[in-house]
2 protein chains.
Amino acid sequence: MSVRTIDVCVSPELVHLHEPQGKLVVVIDILRATSCMTSALANQVESITPVATLEECKVLGAQGYVTAAERDGNKMEGFDLGNSPFSYHNNAFAGKKIAVTTTNGTQAIVRSAGASDIIAGSFLNLSAVVNYIKNRPEDILLHCAGWKGKMNLEDTVYAGAIVDALKSELKHTEDSVLTALELYHSSKDNILGYLSNSSHVNRLKGKGIMKDIEYCLTKDVFDVVPVMRGGVLVKHT
Amino acid sequence: MSVRTIDVCVSPELVHLHEPQGKLVVVIDILRATSCMTSALANQVESITPVATLEECKVLGAQGYVTAAERDGNKMEGFDLGNSPFSYHNNAFAGKKIAVTTTNGTQAIVRSAGASDIIAGSFLNLSAVVNYIKNRPEDILLHCAGWKGKMNLEDTVYAGAIVDALKSELKHTEDSVLTALELYHSSKDNILGYLSNSSHVNRLKGKGIMKDIEYCLTKDVFDVVPVMRGGVLVKHT
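Here is a short report on the structure shown in this document.

**Some points on the overall build of chain A**
Line of reasoning, step 1. Scanning chain A from terminus to terminus reveals 9 helices and 10 strands.
Line of reasoning, step 2. For 237 residues, the compact-globule estimate of 2.2 N^0.38 gives 18 Å, and chain A sits close to it at 16 Å.
Line of reasoning, step 3. Oriented by its inertia axes, the alpha-carbon framework of chain A measures out at about 50 × 40 × 30 Å.
Line of reasoning, step 4. In chain A, the share of contacts with a sequence separation of at least 24, taken over all contacts with a separation of at least 6, comes to 78%.
Line of reasoning, step 5. By element, 48% of the accessible surface of chain A is carried by carbon and sulfur atoms, the whole surface being about 8,800 Å².
Line of reasoning, step 6. Within chain A, one finds 23 positive and 26 negative side-chain charges whose respective centroids are separated by 3 Å.

What follows is the structure in structure tokens.
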């Protein structure tokens with residue numbers, strides 16, 4: 001069997017160049033969409049339906065879904081939840097279906113169409129994601145959600161962490177992979193400090209959610225992998 | 001006067017998000033288009049006309065231009081030159097007009113439309129580019145040509161070198177700038193070694209042009225800045 005490959009796409013705007021078709025795609029939006037998804041499913045949410053627009057989210061709300069909507073780091077008026085992983089703690093929404101729309105993360109999921117499998121990665125479930133990848137046969141694409149189409153630091157650092165954990169088993173040839181590895185190696189001893197100058201942390205700082213940021217950079221809180229099945233994210237069992 | 005900003009775009013596919021309009025755009029294709037342009041103008045070429053297609057290049061050839069055409073690192077059949085900076089040494093084409101088309105660099109120039117000024121940056125003219133930027137009033141966009149729309153290491157490292165030289169004077173807020181700075185800081189003591197695993201160096205290695213690569217990573221060989229004037233690159237005087 002030939003060695004599987006791992007690749008990093010630093011922005012959803014570039015994903016067509018990285019050919020998600022047939023690959024296992026790990027969608028990454030550390031601050032905070034994929035951290036939320038991990039937290040929600042670990043706290044017994046039944047399913048998460050990612051939608052691109054606020055309108056679609058509203059429609060699902062009318063059908064009984066709990067709605068979570070964020071734009072530019074803010075919870076949107078008229079929806080149940082924003083984009084904080086703490087919202088789901090203590091099984092607050094156990095058994096519920098969540099409809100979610102966010103600035104970047106849900107867009108990255110939509111743009112991963114054609115993948116053979118889509119999962120959500122975050123520091124909160126880093127080792128679970130690594131183990132999931134090890135047990136799959138496909139080539140891997142780490143799809144960073146970035147910020148409105150631009151690359152960002154936290155998603156690329158996380159991609160580097162995944163590559164680092166798998167580099168003895170998977171092959172890579174792209175400079176985006178080397179970039180992600182470099183950023184991870186430079187930051188791994190103090191990721192929060194490293195990201196303190198990043199654009200997104202500065203954006204969120206002003207919103208008083210440093211607690212969210214610190215939490216989203218914590219490794220291996222949950223042994224849970226959100227997997228896409230029939231258009232919704234559910235807990236991999 | 002407000003502090004000017006500096007930004008890095010890691011791929012021409014993302015340049016619309018970085019708003020080149022009204023900015024001084026530095027186009028960067030270290031291996032090898034902008035290194036060639038610097039070398040050519042330093043060796044008394046009269047002008048360089050970048051064109052997107054082989055056909056346009058042929059048309060200009062019929063009008064008396066010297067033609068330079070590269071795709072995937074190879075010189076194209078039926079054109080005078082490929083993409084080696086050595087072609088222009090010893091004033092080999094002094095006084096000539098060159099029409100050039102390359103895989104990435106000329107595309108990045110085309111996509112910089114709307115800029116108030118476009119110049120070509122390379123390690124060969126690093127300090128000259130820094131000085132040129134210091135004497136201009138606009139915000140700066142460092143536009144990396146990358147490889148077929150994906151980011152690459154050598155262009156991003158060079159962008160980091162420019163930001164590093166100007167960081168006390170210019171403001172930046174984007175994570176792509178932090179990424180470029182990180183890559184430059186990690187590589188600056190041995191850029192050739194650092195890039196030895198990069199995708200493009202591996203691609204070019206197979207073509208036996210290590211001499212070109214080493215040369216293109218040499219700092220400050222020429223005190224020349226290629227500037228776009230009326231659709232052609234000429235030497236800034």
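The structure having been displayed, the exposition proceeds.
**Describing the packing of aromatic side chains**
Line of reasoning, step 1. A complete count under the given rule lists 6 aromatic pairs over all chains for this structure.
Line of reasoning, step 2. Look at tyrosine 88 of chain A and phenylalanine 93 of chain A: their rings are 6.1 Å apart centre to centre, the planes differ by 65°, and that puts the pair in the edge-to-face class.
Line of reasoning, step 3. A residue is classified by how much of its surface remains accessible, and tyrosine 88 of chain A, at 4% relative accessible area, is buried.
Line of reasoning, step 4. Directly above the aromatic system of tryptophan 147 of chain B lies the positively charged group of arginine 203 of chain B, at a separation of 3.9 Å from the ring centroid.

**Notes on the interface of chain A and chain B**
Line of reasoning, step 1. Taken together, the contact between chain A and chain B spans 27 residues of the former and 27 residues of the latter.
Line of reasoning, step 2. Of the roughly 2,200 Å² buried between chain A and chain B on both sides combined, carbon and sulfur atoms contribute 59%.
Line of reasoning, step 3. It is Lys150, Met151 and Asp175 of chain A in chain A that bury the most area against chain B; as a group they hold 28% of the surface buried on that side.
Line of reasoning, step 4. Put simply, chain A and chain B have 2 salt bridges between them.

**Re the packing of helix 4 (residues 126-134) of chain B against helix 5 (residues 153-166) of chain B**
All names here are of chain B.
Line of reasoning, step 1. Two numbers describe how helix 4 lies on helix 5: the axes approach to 10 Å, and their chain directions differ by 50°. One element, helix 4, and the other, helix 5, form an angle in the oblique class. Here helix 4 and helix 5 pass one another in a crossing that is right-handed. Seen from helix 4, the contacting residues are Leu126, Val129, Val130, Ile133 and Lys134; seen from helix 5, they are Tyr158, Ala161, Ile162, Ala165 and Leu166.

**Quick word on the relation of the copies chain A and chain B**
Line of reasoning, step 1. Once chain A is rotated about the relating axis by 180° and shifted along it by 0.0 Å, it coincides with chain B to within an RMSD of 0.0 Å. Look at the turn and shift together and you get a two-fold axis relating the two.
Line of reasoning, step 2. Taken as a fraction of all interface residues of chain A, those also at the interface in chain B reach 100%, which identifies the copy contact as same-surface.

**Structural notes on the pattern of salt bridges**
Line of reasoning, step 1. The tally for this structure, following the rule as stated, stands at 18 salt bridges over all chains.
Line of reasoning, step 2. The salt bridge partner of lysine 167 of chain B is aspartate 164 of chain B, with a shortest N-O separation of 2.6 Å.
Line of reasoning, step 3. One continuous salt-bridge network, built from bridges that share partners, spans Asp117, Arg136, Glu138 and Arg229 of chain A.

**Section: the environment of leucine 54 of chain B**
Line of reasoning, step 1. Note on placement: leucine 54 of chain B falls in helix 2 (residues 54-62).
Line of reasoning, step 2. Once residues lying within four places of it in the same chain are set aside, the contact partners of leucine 54 of chain B are Ala69, Arg71, Met76, Phe79 and Thr101 of chain B.

**Re empty space enclosed by the protein**
Residue and element names in this part refer to chain A.
Line of reasoning, step 1. With the rule as written, the count across this model stands at 3 cavities of 30 Å³ or more.
Line of reasoning, step 2. Listing elements by their share of the lining of the largest cavity, those giving two or more residues are helix 1 (33-42) and strand 6 (97-101).
Line of reasoning, step 3. Take the lining of the largest cavity: its biggest share by element is 4 residues, from helix 1.

The rules behind the values
Residues numbered from 1 in each chain as written. Chains lettered and ligands numbered in written order. Predicted model: local features only at pLDDT ≥ 70, side-chain atom pairs only at ≥ 80, totals over all residues. Heavy atoms only, no water. Helix = DSSP H or I, 4+ residues; strand = E, 2+ residues; numbered from the N terminus. Rg over C-alpha atoms; globule rule 2.2 N^0.38 Å. Contact = heavy atoms within 4.5 Å. Areas by Shrake-Rupley, 256 points an atom, 1.4 Å probe, with all protein chains shown as cover. Lys, Arg positive; Asp, Glu negative; His and termini not counted. Charge placed at Lys NZ, Arg CZ, Asp CG, Glu CD. Phe/Tyr/Trp six-rings, centres within 6.5 Å; stacked < 30°, edge-to-face > 60°. Buried < 20%, exposed > 50% of the residue type's maximum accessible area, 1.4 Å probe, protein only. Lys NZ or Arg CZ within 6 Å of the ring centre and 35° of its normal. Buried area = accessible area lost by both parts, 1.4 Å probe. Salt bridge = Lys/Arg side-chain N within 4 Å of Asp/Glu carboxyl O. Axes fitted to C-alpha atoms, helices over the stretch in contact; angles between N-to-C directions. Parallel < 35°, antiparallel > 145°, perpendicular 65-115°, else oblique. Left-handed = near helix turned anticlockwise from the far one by under 90°. Least-squares fit on C-alpha atoms with pLDDT ≥ 70 in both. 1 Å grid on protein atoms, 1.4 Å probe; cavity = no way out; pocket = protein on both sides within 12 Å on 5 of 7 lines; lining within 4 Å. Points joined across faces, edges and corners; volume = space filled by probe spheres on them.

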